[in-house]
Amino acid sequence: MKKILLPVDGSPGCQQALAIAEDIAKKFDSTIIVFYVFDLYRIPNELEYAGYIEKMYDTDSKKEFLEKTVKYFQERGVKAESKLIKGDPPSDIIDEADKGEYDLVIMCSRGMSPGKRFLLGSVTSKVVHHVKTPILVIK
């Protein structure tokens, strides 16, 4: 297991996935690719704050988050790199996993309510159902 894909979205609930990815990477001397996909297709609703669009396309904050995450791993002796793209998160995660010759995908599940999950679906759920690479989902 030499190459691990770790899709991230910056949510605090997914921090546990970092520790598990670190543990696995240390055991197998793996490289972690921290992967962030800008969601270009999400349309904000009226309940979201006025600065949403500007923040959504703020690549500097996304790059800073990725740099901090890579540094987190490197400070713990884990090889890590980052990759940032714009697109549709589920599709691009699946494409990256399939084309990037990864041995494992590690993702978090934010635990949406059943109603919201049914109506909206989730990135993790879509990836789990379509990715060919082995996947570990952290709740």
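Reading guide: rules and limits
Residues numbered from 1 in each chain as written. Predicted model: local features only at pLDDT ≥ 70, side-chain atom pairs only at ≥ 80, totals over all residues. Heavy atoms only, no water. Salt bridge = Lys/Arg side-chain N within 4 Å of Asp/Glu carboxyl O. Helix = DSSP H or I, 4+ residues; strand = E, 2+ residues; numbered from the N terminus. Buried < 20%, exposed > 50% of the residue type's maximum accessible area, 1.4 Å probe, protein only. Expected span 1.5 Å × (residues − 1). Contact = heavy atoms within 4.5 Å. Core = buried A, V, L, I, M, F, W, Y, C linked by side-chain atoms within 4.5 Å.

(A) Geometry of the pattern of salt bridges. A full pass over the atoms with the stated rule returns 8 salt bridges. The partner of Glu22 in a salt bridge is Lys26, with the nearest N and O atoms 2.9 Å apart. Of this pair, Glu22 and Lys26 both sit in helix 1 (residues 15–28), 4 residues apart, which is roughly one turn of that helix. With its nearest N and O atoms 3.3 Å apart, the salt bridge here joins Lys79 to Asp29. Here the residue Lys79 occupies a position in strand 3 (residues 79–87), and Asp29 occupies one in the loop between helix 1 and strand 2 (31–39), the gap between them amounting to 50 residues. The exposure class of Lys79 is partly exposed, given its relative accessible area of 40%.

(B) A look at unusual backbone geometry. You will see that Asp29, though not glycine, has its phi angle at about 55°, which is positive. Phi at Glu101 takes a positive value of approximately 55°, unusual for a residue other than glycine. Locating Glu101 in the fold gives a position in the loop between helix 4 (89–99) and strand 4 (104–108). Classification of Glu101 by relative accessible area gives exposed; the value is 66%.

(C) Expanded view of helix 1. An ideal rise of 1.5 Å per residue puts 20 Å on 14 residues; helix 1 measures up with 21 Å between its terminal C-alpha atoms. For helix 1, the full list of buried residues reads Ala17, Leu18, Ala21, Glu22, Ile24 and Ala25.

(D) Broad picture of the environment of Ala17. Relative to the elements of secondary structure, Ala17 occurs in helix 1. On the basis of relative accessible area, Ala17 is assigned to the buried category, the value being 4%. When residues no more than four places from it in sequence are discounted, the contact partners of Ala17 are Leu6, Ile106, Cys108 and Ile138.

(E) Layout of the nonpolar core. Among the nonpolar cores identified, the biggest contains 21 residues, and Ile4, Leu6, Ile32, Val34, Phe73 and Ile106 are the most heavily contacted of them. Taken together, the elements giving at least two residues each to this core come down to strand 1 (3–7), helix 1, strand 2, helix 3 (59–75) and strand 4. With near-sequence residues (within four places) excluded, Ile106 lies in contact with Ile4, Leu5, Leu6, Pro7, Ala17, Ala21, Ile24, Leu136 and Ile138. Counting 12 residues, the second-largest nonpolar core is a separate cluster that includes Ile33, Ala97, Met107 and Val127.

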